[in-house]
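Chain by chain, the residues:
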Amino acid sequence: ATVCSSADDQGKESSEAMKPVSWLTTLRAIWKLGVPFFSDPQVRSKAWGLLVLNISVILTEVALIFLLSVDQKHFTNALAHRNEEKFWRTIWHLLLLIMLLPAAAFLQKLVAGTLALEWRRHLTREAFSRYINVEQSYYRLKMEDPSIDNPDQRIAQDVNDFTATAVYLMTHFTKDVCTVATSSWAIFRMSNRLGLFLVGVSLLHTMVMLKGFAAPLMRVQRLVLGLEADLRFILIRLREHAESIAFFRGAHVEKLRSEAKFVKVVHAEYKKLCILAGFDSFSSGVKHTLDFASYLILAPMYFATTVSFGEMHQAHALFHQNLKSMLDFTSHLDKISGLGAQSLRVIELWDALDRYVGADAEEDAGSSPQKSQGDESLNDASTDAGTDVGSNMDVELGEDECKDDEEHGGDTSSEGRVCLMELAGTATESLAVRDLTLFPPHGQVPLLQGLSFCMSWTDSVLLTGPSGAGKSTLLRAIAGFAMKGCGSIWRARLEHCFFLPQSPYLYEGSLRENVLYPSSVGEAALSSDCKAGGIGNEEQALRIREVFDNLGIGYLIDRHGLDEDVDFDKMLSGGEKQRLNFARVLMRSDLRFVFLDEATSALDEANEDNAYSLLKASICCFMSVGHRPNLRRFHTHQLCLEKTGTGGCRGSMITL
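Note that this is a predicted model, so its numbers are computed, not measured.

This part covers the overall build of the protein chain. Along the backbone of the protein chain there are 22 helices and eleven strands. Burial statistics for the protein chain: of 656 residues in total, 47% are counted as buried. Of all intrachain contacts in the protein chain linking residues separated by at least 6 positions in sequence, the fraction that spans at least 24 positions is 78%. Of the accessible surface of the protein chain, which amounts to about 32600 Å², a share of 59% is contributed by carbon and sulfur atoms.

What follows concerns the pairing of strand S4 (residues 448-456). With eight of nine residues buried, S4 is to be regarded as a mostly interior element. Across six bridges, strand S3 (residues 429-438) lies against S4 in antiparallel orientation. Within S4, the position partnered with valine 433 by the bridge is phenylalanine 453.

In this structure, arginine 121 sits in helix H4 (residues 84-131). Overall, arginine 121 belongs to the partly exposed group, its relative accessible area being 42%. In this structure the C-alpha to C-alpha distance between arginine 121 and asparagine 160, which are 39 residues apart in sequence, comes to 9.0 Å.

Quick look at the nonpolar core now. One broad trend across soluble globular proteins is that nonpolar side chains are buried collectively. Formed by 37 residues in total, the largest nonpolar core has its most connected members in Phe548, Phe582, Val594, Leu596 and Leu615. Every element with two or more residues in this core is listed here: strand S7 (497-500), helix H15 (511-515), helix H18 (538-551), helix H19 (555-560), helix H21 (574-586), strand S8 (593-597) and helix H22 (605-618). The contact partners of phenylalanine 548, leaving out residues within four places of it in the chain, are Leu511, Val515, Ile553, Gly554, Ile557, Leu580 and Ala583. Among the nonpolar cores identified, the runner-up in size contains 32 residues, and Ala29, Leu141, Phe162 and Ala352 belong to it.

Taken together, the side chains of Trp88, Trp92, Leu95 and Ile98 make up a nonpolar region of the molecular surface, amounting to roughly 480 Å² of accessible area. On the secondary structure map, leucine 95 appears in helix H4.

Right, let's get into the side chain of histidine 122. With respect to the element layout, histidine 122 can be found in helix H4. Those residues within four positions of histidine 122 in sequence are excluded, and the remaining contacts are Pro36, Phe37, Asp40 and Val43.

Considering every residue of the protein chain, the mean pLDDT works out to 77; 79% of them sit at 70 or more. Low confidence marks residues 361-415, where pLDDT is under 50. Its contacts with residues over four positions away, or in another chain, come to 101 contacts. Here residues 522-536 is a poorly scored stretch, pLDDT under 50, and it has 15 contacts once near neighbours within four places are set aside; other chains count.

Moving on, we come to the environment of phenylalanine 75. The topology assignment puts phenylalanine 75 in helix H3 (residues 44-80). Judged by relative accessible area, which is 24%, phenylalanine 75 ranks as partly exposed. Apart from the residues within four sequence positions on either side, phenylalanine 75 is in contact with Phe87, Thr90, Ile91 and Leu94.

Sheet architecture is open: four strands sit in the order S2-S6-S3-S4, paired in mixed fashion. Pairing within the sheet leaves two strands with one partner each, and these edge strands are strand S2 (419-422) and S4. Across this sheet, the average inter-strand angle for adjacent strands is 5°, counted without regard to direction. Looking at chain direction, S2 and strand S6 (residues 485-491) are connected through four bridges and run parallel. The partner of leucine 420 across the bridge, within S6, is isoleucine 489. Packing against the sheet, helix H14 (residues 471-479) makes contact with S2, S3, S4 and S6, and its axis sits at approximately 115° to S3.

Here we take up unusual backbone geometry. Positive phi is not limited to glycine here, since aspartate 435 has a value of about 45°. As for its position among the elements, aspartate 435 is in strand S3. A relative accessible area of 14% means that aspartate 435 is categorised as buried. Positive phi outside glycine occurs at glutamate 598, with the angle close to 50°. With respect to the element layout, glutamate 598 can be found in the loop between S8 and H22. We classify glutamate 598 as partly exposed; its relative accessible area is 21%.

What counts, and at which threshold
- Residues numbered from 1 in each chain as written.
- Predicted model: local features only at pLDDT ≥ 70, side-chain atom pairs only at ≥ 80, totals over all residues.
- Heavy atoms only, no water.
- Helix = DSSP H or I, 4+ residues; strand = E, 2+ residues; numbered from the N terminus.
- Buried < 20%, exposed > 50% of the residue type's maximum accessible area, 1.4 Å probe, protein only.
- Contact = heavy atoms within 4.5 Å.
- Areas by Shrake-Rupley, 256 points an atom, 1.4 Å probe, with all protein chains shown as cover.
- Pairing = 2+ DSSP bridges.
- Core = buried A, V, L, I, M, F, W, Y, C linked by side-chain atoms within 4.5 Å.
- Patch = residues over 30% accessible without salt bridge, like charges linked within 9 Å, V, L, I, M, F, W, Y side chains within 5 Å.
- Salt bridge = Lys/Arg side-chain N within 4 Å of Asp/Glu carboxyl O.
- pLDDT = per-residue confidence, 0-100.
- Axes fitted to C-alpha atoms, helices over the stretch in contact; angles between N-to-C directions.

In C-alpha cells form, the structure reads like this:
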C-alpha cells in the first residue's frame, strides 16, 4: 500500500499481501532472481568461482569437524583405559584442529559475504536498468501502477536482504547436507536402527514446519515488509515537507497518521511473533525429547559389549550434530519466510517495470511503418483543424470517438494509448496534434477529446484554462508520459525539446552541475584535480555567470562558487529554483522547442517578465501553461480550454 493512498486502499492492499502464495510461485521468484547472476556472461565466471570457493571452504570446515569428533572418541577411550600416551597424542591432534577451525570459519565468512555483495551488485544494476531508463519507468510506475508500493525500498533494501539471506541459507544448507552425509555414514556403521530413526524424525519435523509454520509466516512477513516501508515513507515525507506542515500546524494530523500506521505494524508483528513462538516451542520439544535417544538405542549394544564407551560417546555426539544439522535449516524459519517475501516483492516490481519496456517495444514496432507517413499526414492534420496555428481558428474539442487507423495514420484505440511520433528535421511544423483524447491515469472520464492543432517553428502558445482542464496532462502527453487515450502527436525530436515543470528538480551537486543538468553530470563535472584547484572551463564559467546575472541570481555564484557541492534543494527559495530552471534552458544552444508548466508561478511579475524576455530572445517556439495576464505579450497565440458539462473540454485558439 502506498503511503499517500486512502485507508481503504491500504486495507485492501494489506489483505492482498495476506493472500496465500504457493510454494511454486515463491520458488519461481527466487529462481528468477538467482539464475541471471550465474548465467550472465559478464559476471558468471566470478559468480561460479565464488560459489565453488564457498562450497570448498564449507567442505573443509565439515571435514575438520568430523575429524574432531573422531579424535574426541580416541580421547574418551584413552581416558577410559588410562592410556596416557594415546591421551597426549590425541590432545596434540585436537589442538591442531582447534587452530584450523577458526581460520576456516573466517575464510568461509569472507567468501560468503563477497558472494552476497557481488550478487547484490548484479541485481541492483539490473533493477536500475529497469527502473531508471529512457522509457521513464520510474515515472510511469508512479502514475500508472500505484499498487507497487515503495519501489525505492524494494531496490535498496529488499534486494540486499534477499542476497544476504539467500547466501546465508545456501551456506547453512550446504554445510548441513555435508554434515549429515559424513555423520550419517558413521552412525549407520554403528547402528542402522539409530540412523533410520534419525532420518524419520528429521523428515517429519521438516514436513510439520513447512506446512504448519512457514506458509502462514511468509504471508505475515510480506505484510510486515510493506507496512514497515509505508511507515518509513510517511516519516520521509514528514521530513521533506517539514516547512509546509509547520506552517499549516499539521503536526497532530501527521502524528495521528504515523501512530495509525504503527498500530498496523505492531499488529502484524504480533502475528509474526505468535507464529515464531509456536515454532520455537515445537522445535524445543522435539530437541529435548530426542536429546537422549541415541543413548536409549545404543545402551543395549554397550551392555552387550558390542560397542565401546568411546564409540557410544562418539555416536551421541554425531547423532546430536546430525539432528542439529537436519533441524538447522528449518530453525531459520524467519529467514526462509523473509527470503520468499523479499523475492516476491522484487519480482512484483520487475514484472511491473517489464510491462512498460515491453509495451514501448510493441508500440515502436507497430508505429514504425507510420513514421514514414508522419510528414505526409501533417498537412492533412492542419487542414482538418481548420488552418495552421498562425491564424485565428477554432479548435474542436468535442466528444466524438476517435476515428479509425486509416483516417489517422496510426491505430491507438485498440491499445488505449496515444500514438507519439517524431518529426523529421526538415518539417515546417514543430508540433502537430490530431484527434487527441486523453484520460487521467486512473479514471474513465476524458480530460480532453478530439483536440487538433499544429504549431510552426515561429509560434508560441499560451495554454490556459481552469484547474483540472487537462493542461498539464497535455504537456505530459507531448513528452510521452500521459499516454492513456487515443489520437496522434507529432513532435520535434526529443533531444531538441526541453520541459520545465512547476517544481524544479535540483541535483545534489554544484551550481555548474545543476545548471548543465541533464546534459550529463559526468560531462559537466570537472575532474577531481581541477575541482580541488578551483580551475574549470573559463568560457563556460563566464557563460553561466552571464545567464545567472541576466536572471537576477548571480549572487548564488558569489556565495557558493560554481563547483562547491551544496544541497540547493533545501537552501533555495521557490523563485530561485525556478530561475535556476530557466538557466538550464538558456545554457542550451541545441533546443528548438520548450514546454513550460507554470514554470514561473513562484516569481513576481517583474522577474517573470524578465525570464520570458530572455526565453523569447533565445528560443522562438515554446508552449506555456500559465494564468497571469502579463504572459500574453510573450506568446503569439493562446489556446483556451473550457470544461463541458458532459466531460472533456472545448476550446479555441486565438492570435495575440
